Amino acid sequence: MAASDFDLALHSIDKPQQSDLDRCVHCGLCLNACPTYRELRVEMDSPRGRIYQMVQVSAGAPISESYIEHIDLCLACRGCETACPSGVEYGRLVEAARAEIENKIQRPWRPRVLRWMVFQKLLPSRRNLEIAGGLLNLYEASGLKRLAALPGFLPSRLRELDSLAPPIETPFFFGYYGKTLPAERERRHRVAFLGGCIANLSFARLNEATVRVLQKNGCEVSIPADQGCCGALHVHAGIRDEARKLARRNIDALLEGGFDAILTNAGGCGSTLKEYWELLEHDPEYAEKARHFSRLIKDVNEFLVSIDAAPPMRVLPLTVTYQDSCHLAHGQKIRSAPRKLLSSIPGLELREMPLSDLCCGSAGIYNVVHTGMAMSLLKKKMDSVNATGAPVIAASNPGCMLQLRAGVKKFGHGQRVAHVIEILDEAYRREKSKEPA
Ligand code: SF4
Ligand code: SF4
């Protein structure tokens, strides 16, 4: 059976499963952990309310516009999963609910075309990403972006979207594809690194820093040429056919490499990569490979702590507050590793903010689609950040970093936003500098 026919056959099971729905006992203990419920105080925009609606649809109720709106407004942040004492796997439920909507309902033509362009044409294609990156670079370099930021130049909605657009960093990280970089001194680990999709264009320097930190810690780092987008944004949007294609492509590109681990510096991507086994569990050819692949996936913070990363030797006097990435904290249950890495830096003070694991409103492309809700959440996040007085915000997911940078511009005090690994890299680089400690 061709892959597409096979994926089509999966539409009948791409929906919330009764056994998962039955786990919810409607206790409501998750409500306060839910950012949309905290904002709106509407039961149908709480985890319990959304599960209730999924139960209704599963029992035969039609997929109404209101159902789609409540499911779409969910950030898929999985804060409710952490709070739930009954072990409800809410992330799995909402992704399945979105897949069912995607397979059964035709959206209006505008969002349909936009989704087709982004999810089918842009993200999976290195060539198209490079073209888009080149055009955006031109837009920035020509001064048009600065012009667009002037009040009155663009309608306010477009100006808001423009402020959320990722900046472009040249040269793109794609230039490293197909290369293997040696470990500094003795090789102790052989790892593969995933460069992401948009991160190749917008976080090229972060990716380079990640490779340097790994090399410093005895890793030979391969960046396989045939890797591609992990499909996380597709899974969150319910576009599981394309996500499965991307998962198979990555498995084919990386599994045979015999790596000790396959690493990502993006909490959102890592969560989906670790769940490839679930995405492909019904695929007789890939189910076992996907399980093996998922076992090899590690978030870079998690991996560095597991191999006892070298603590930096020189002082880096910084005060930092850490924002948990939802898919790292709630999806992968990784909270202490990034904090351990930061705390290993001499001179660095880690100042915790309240509710650091409450979503900042980034959530993939959520901030573009539901900008109003995303901005309300961001405002509250920045209030917590500002209260710490820390001049640096650390995060472990590029999407959160973009959102926090927009937050600093709009509601902040000029804080710098950096990935944990960039701060660690900075500390290591100080060891090599001749400046007095
Ligand atoms: S998801 Fe969990 S915490 Fe929320 S209502 Fe259901 S059982 Fe209770
Ligand atoms: S995933 Fe996040 S936004 Fe969605 S119901 Fe759970 S806590 Fe609320």
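The preceding data block contains the structure.
Just so we're clear, the structure is a prediction, and the values are computed from it rather than from any experiment.

About the criteria used
Residues numbered from 1 in each chain as written. Chains lettered and ligands numbered in written order. Predicted model: local features only at pLDDT ≥ 70, side-chain atom pairs only at ≥ 80, totals over all residues. Heavy atoms only, no water. Salt bridge = Lys/Arg side-chain N within 4 Å of Asp/Glu carboxyl O. Helix = DSSP H or I, 4+ residues; strand = E, 2+ residues; numbered from the N terminus. Buried < 20%, exposed > 50% of the residue type's maximum accessible area, 1.4 Å probe, protein only. Near = heavy atom within 4 Å. 1 Å grid on protein atoms, 1.4 Å probe; cavity = no way out; pocket = protein on both sides within 12 Å on 5 of 7 lines; lining within 4 Å. Sits in = over half its atoms within 2 Å of the grid points. Nonpolar A, V, L, I, M, F, W, Y, C, P; charged D, E, K, R; others polar.

Asker: For this particular structure, what's the right way to read the pattern of salt bridges?
Answerer: When the charged atoms of two side chains with opposite charge come close together, those side chains can pair. This structure, assessed with the given rule, holds 31 salt bridges. A salt bridge links R205 to E208, with the nearest nitrogen and oxygen atoms 3.0 Å apart. Linking R205 with E208, this pair stays in helix α13 (residues 204–216), spanning three residues, or about one helical turn. Note on E208: relative accessible area 15%, which makes it buried. Residues participating in the shared-partner salt-bridge network are D72, E102, R107 and R115.

Asker: Whenever I open this one, unusual backbone geometry confuses me. Can you help?
Answerer: Among all residues except glycine, the phi angle is most often negative; among peptide bonds, the trans geometry is most common. Residue P171 follows T170 across a cis peptide bond; omega there is -10 degrees. Secondary-structure assignment places P171 in the loop between α11 (156–164) and β1 (179–181). Although it is not a glycine, R78 adopts a positive phi angle of roughly 70 degrees. R78 sits in the buried class, given a relative accessible area of 7%. Phi angles above zero are rare outside glycine, and D308 is one such case at about 55 degrees. Structurally, D308 can be placed in the loop between α19 (300–306) and β6 (318–322).

Asker: Would you mind going over the site of ligand 1 with me for this structure?
Answerer: Near ligand 1 lie 13 residues; those nearest to it are C24, C27, G28, C30 and C84. Cavity membership is defined here by more than half of the atoms lying within 2 Å of grid points; on that basis ligand 1 lies in the largest cavity. Its residues assigned to classes, the shell around ligand 1 comprises nine nonpolar, three polar and one charged.

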